[in-house]
Amino acid sequence: DAVDFSLTVKPVADGVTAFNVASNTRNLDEYTPTGTRSGYEVGLDTLISGVTMLDADGSESIFYKVTLPHGELAFVNSASGTATMPKASVSADGKISYDVAAGQLTQYAIRGTLYNSSEDEVSNGSAKGSFSIDVAAFTKESNGLTSSLSASETIALTLDPVAGQV
């Protein structure tokens, strides 16, 4: 006898096994309208690389969750400045996370923001601010389902204030 049945296959995002982040501290100048972009921005593509994912069928895309401390660093378009900003979320402690596709790392950068008083920071001998950003990787299946986040990696950034820029 013939039997009718239905089968629904739901793709599952497999996740990542490893990725690399910059191991040395990066220095950024405080943002100034007259400064050079290479001094006050660091591209995500120079900080994150080498992901290995578990995708068995080739249907997944790699993403990174980049988390910045509240108010100290800015997530910006690099180069032409025309890329659409990626999905963002804010945690209870005020940290801002952005979900960035691996293929778009060259389109975004981290920028040092203005201090309230650069002259005070430089004159009292406290010329630098140290911050860290956290990066975790995940995969997204063709149907939008995502894998769990990988272990988070930390990247250290040092922001150098520029006197007289406030």
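Every chain begins its residue count from 1, and numbering advances along the sequence as written. In view of the model being predicted, local features appear only for residues whose pLDDT reaches at least 70, and side-chain atom pairs are presented and counted only at 80 or more, with totals across whole chains, interfaces and linings using the full set of residues. Side-chain measures here rest on the full set of heavy atoms in the structure, leaving out hydrogens and waters.

(A) A look at the environment of threonine 67. For threonine 67, the location among the structural elements is in strand S5 (residues 61–68). Only protein chains enter the accessibility calculation, which uses a 1.4 Å probe. A residue is then buried if its area is under 20% of the maximum for its type, exposed if over 50%, and partly exposed in between. Taking the relative accessible area as the measure of exposure, threonine 67 reaches 13% and is therefore buried. Residues threonine 67 and alanine 136 lie 69 residues apart in sequence; the distance between their C-alpha atoms is 8.6 Å. Apart from the residues within four sequence positions on either side, threonine 67 is in contact with Lys95, Ile96, Ser97, Ser132, Ile133 and Asp134. Counted as a polar contact is a pair of N or O atoms within 3.5 Å, where, for protein atoms, one must be capable of donating a hydrogen and the other of accepting one, and residues adjacent in sequence contribute only when both atoms are in side chains. At 2.7 Å, the side chain of threonine 67 forms a polar contact with the side chain of serine 97. Numbering of helices and strands runs from the N terminus; a helix is a DSSP stretch of H or I covering at least four residues, while a strand is a stretch of E covering at least two. The contact rule is simple, with two residues in contact once any of their heavy atoms fall within 4.5 Å.

(B) Summary view of the sheet that holds strand S9 (residues 108–112). A pair of strands is labelled paired if DSSP reports no fewer than 2 bridges between them. The sheet built from three strands is open, its strands ordered S3-S9-S6 with antiparallel pairing. Where the open sheet ends on each side, the last strands, each with one partner, are strand S3 (41–43) and strand S6 (73–77). The mean angle between the axes of side-by-side strands here comes to 30 degrees, regardless of whether they run parallel or antiparallel. Bridge count for S3 against S9 is three bridges, and the pairing is antiparallel. From the neighbouring strand, glycine 43 faces S9, where its bridge partner is alanine 109. All axes here are fitted lines through C-alpha atoms, helices being fitted over the stretch that makes contact, and every angle between N-to-C directions spans 0 to 180 degrees.

(C) Seen up close, the confidence of the model for the protein. Known as pLDDT, the predictor's per-residue confidence is scaled from 0 to 100. Averaged over all residues, the pLDDT of the protein is 75; the fraction at 70 or higher stands at 67%. For the protein, the element scoring lowest by mean pLDDT is helix H2 (residues 118–123), at 44; strand S8 (residues 96–101) scores highest, at 92. Within the model, pLDDT remains below 50 along residues 115–127, and this stretch shows 26 contacts once partners closer than five positions in the same chain are excluded.

(D) Main features of the packing of aromatic side chains. In summary, the pairing rule links any two rings of Phe, Tyr or Trp, Trp by its six-membered ring, whose centres are within 6.5 Å, and it sorts them by plane angle into stacked for under 30 degrees, edge-to-face for over 60 and tilted for everything else. One pass over the full model with this rule turns up three aromatic pairs. Judged by centre distance (5.5 Å) and plane angle (15 degrees), the ring pair of phenylalanine 63 and phenylalanine 138 falls under stacked. Of this pair, phenylalanine 63 sits in strand S5 while phenylalanine 138 sits in strand S10 (residues 129–140), and the two are 75 residues apart along the sequence. Exposure remark for phenylalanine 63: the relative accessible area of 14% places this residue in the buried category. Assessed through its relative accessible area of 6%, phenylalanine 138 is described here as buried. Counting every residue linked through ring pairs, the aromatic cluster contains Phe75, Tyr98 and Tyr108.

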